[in-house]
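Take a look at the letters that make up each chain.
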Amino acid sequence: MVEFQEETYLYDPNLLLKLDFHQSPAKFNPFISAACPGETWLKVRPLKDSDFDRGFLQLLSQLTHVGPVSRTQFLTRFSQMKSTGDYYVTVIEDARKNEIIAAASLVIERKFIHNCAIRGRLEDVVVNDTYRGKQLGKLIVVTVSLLARYLGCYKMTLDCKDKLIKFYESLGYVLVPGNANSMTIRYDDEPSSAKHNLTSFNSVTNDSPPAEACQTVSLDFNS
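Cut-offs used in this document
- Per chain, the residues get numbers from 1 upward, laid out in the order the sequence is written.
- Local features are withheld for residues below a pLDDT of 70 in this predicted model, meaning they are given only at 70 or higher, and side-chain atom pairs are given and counted only at 80 or more; totals for whole chains, interfaces and linings count all residues.
- The side-chain values count all of the structure's non-hydrogen atoms but skip hydrogen atoms and water molecules.
- Numbering of helices and strands runs from the N terminus; a helix is a DSSP stretch of H or I covering at least four residues, while a strand is a stretch of E covering at least two.
- For the exposure calls, accessible area comes from a 1.4 Å probe over protein chains only, and a residue counts as buried if that area is under 20% of its type's maximum, exposed if over 50%, partly exposed in between.
- The Shrake-Rupley method, run with a 1.4 Å probe, gives the accessible areas here. Residue values count only the displayed protein chains as cover.
- Contact criterion: two residues are considered in contact whenever any of their non-hydrogen atoms come within 4.5 Å of each other.
- Pairing between strands requires that DSSP locate at least two bridges from one strand to the other.
- Residues adjacent in sequence count toward polar contacts only when both atoms are side-chain atoms; beyond that, a polar contact is any pair of N or O atoms within 3.5 Å, and within protein one must be able to donate a hydrogen and the other to accept it.
- Per residue, pLDDT measures the predictor's confidence, with a range of 0 to 100.
- Expected helix span is taken as 1.5 Å per residue step, with the number of steps being one fewer than the number of residues.
- Directions from the helix axis toward the C-beta atoms define the arc.
- Should a side-chain nitrogen of Lys or Arg be within 4 Å of a carboxyl oxygen of Asp or Glu, the pair is scored as a salt bridge.

Counting its secondary structure elements, the protein contains five helices and eight strands. Scored against the burial criterion, the 223 residues of the protein give a buried share of 51%. Accessible surface computed for the protein: about 11300 Å², of which carbon and sulfur atoms make up 49%.

Note on placement: Glu 169 falls in helix α5 (residues 165-169). Relative accessible area serves as the criterion here: at 34%, Glu 169 is assigned to the partly exposed category. As for Glu 169 and Met 183, which are separated by 14 residues in sequence, their C-alpha atoms are 8.5 Å apart. Among all residues touching Glu 169, those that are not within four sequence positions of it are Leu 175 and Met 183.

With that out of the way, let us pick up the pairing of strand β2 (residues 87-94). The side chains of a regular strand alternate, first on one face of the sheet and then on the other. The element β2 is extensively covered by neighbouring structure, given that seven of its eight residues are classed as buried. Pairing analysis gives eight bridges linking β2 to strand β3 (residues 99-110), with the strands arranged antiparallel. Each bridged residue has a counterpart across the sheet, and for Glu 93 the counterpart in β3 is Ile 100. Between β2 and the antiparallel strand that follows it, β3, lie four residues; Asn 98 among them carries a positive phi value of about 60 degrees.

As a further point, take the side chain of Ser 145. Looking at where Ser 145 falls in the secondary structure, it is placed in helix α4 (residues 136-151). In this structure the side chain of Ser 145 is engaged in a polar contact, spanning 2.6 Å, whose partner is the side chain of Tyr 173. Contact partners of Ser 145, with chain neighbours within four places excluded, come to Met 156, Tyr 173 and Tyr 187.

Inspection of the secondary structure puts Thr 143 in helix α4. Among the polar contacts listed, one links the side chain of Thr 143 to the backbone oxygen of Leu 139, at a separation of 2.7 Å. In this view, Thr 143 contacts Leu 16, Leu 19, Phe 21, Ala 34, Val 44 and Thr 90; residues no more than four positions away in its chain are not counted.

Mean pLDDT over the protein stands at 87; residues scoring 70 or higher make up 83%. Throughout residues 199-223 the model reports pLDDT below 50, and contacts reaching past four residues in sequence, or to other chains, amount to 86 contacts.

The next thing to look at is the pairing of strand β7 (residues 179-186). Pairing between strand β5 (residues 155-159) and β7: five bridges, direction antiparallel. Paired with Leu 158 across the bridge in β7 is Met 183. Across three bridges, the pairing between strand β6 (residues 174-176) and β7 is antiparallel. Paired with Val 176 across the two strands is Asn 179, which belongs to β7. Counting the residues between successive antiparallel strands, the hairpin from β6 to β7 contains two residues, one of them, Gly 178, with a positive phi of roughly 85 degrees.

Another point: helix α2 (residues 71-84). Since the α-helix advances by 3.6 residues per turn, residues separated by three or four positions end up pointing in the same direction. Between the first and last C-alpha of α2 there are 20 Å, a value that for 14 residues agrees with the 20 Å anticipated at 1.5 Å per step. Looking only at α2, the buried set comprises Phe 74, Phe 78 and Met 81. In an axial view of α2, the angular spread of the buried residues amounts to 70 degrees, which keeps them on one side of the axis. In this structure, α2 carries Thr 72 and Ser 83 as exposed residues pointing more than 90 degrees from its buried face. Buried residues belonging to α2 abut α1 (56-60) and β2. Immediately downstream of α2, the backbone of Gly 85 shows phi near 75 degrees, a positive value.

Bringing α4 into the picture now. In this model, α4 (16 residues) spans 22 Å end to end at C-alpha, consistent with the 22 Å of a helix rising 1.5 Å per residue. Among the 16 residues in α4, 15 count as buried, and that is most of the element. A positive backbone phi angle near 100 degrees is found at Gly 152, which sits one or two residues after α4.

Time to look at the pattern of salt bridges. For the coordinates displayed, the defined rule picks out 16 salt bridges. We note a salt bridge from Arg 54 to Asp 51, for which the minimum N-O separation is 2.9 Å. In this structure, a network of salt bridges that share partners links the residues Glu 7, Arg 45, Lys 48, Asp 51, Arg 54 and Glu 93.

Spelled out as structure tokens, the structure:
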């Protein structure tokens, strides 16, 4: 008899259901969101400890050098990231193939400035090139950007190549004066009702979210 091994999420998947995609300036046609990504077999969710077997590292290798990471190394790093509560690696899975086809990371920085505020960094964005036309690049970036907003970040920053500036501008990011490839989106001018306490979301649930590679194009960020 095969023993079922419970999978662990990096962060609470229910957070993704709380995101309001109408708050983003991104234009989806047709409209999609993390909860309804457009196809029943597409699943937007946090990274799982079992995603080592779903091609997550192979997907990242299309973005930058990954190296021969073992399962033990992967699980150790996953556990370290989960224990801090400051890493929100989010993926899109093709449930038909049991493969990770897109990913992006929100990394939380805790500051003394701005009244001990928190800032988000958008990192390691990559999308499988064979899924063009499904707005997945836009979907994964907007998902983590709205997650940063929901968690109470006063801003989210990224670094990108010249060719991607227009793409990120369409999602609400603006160039930082004096730093040609640094972009930011600010949340600190929003009403206090839009703020949330990050610490209340640091516990991880193992419940599955309600909804349930690789020739790849990357939305290159500096590693």
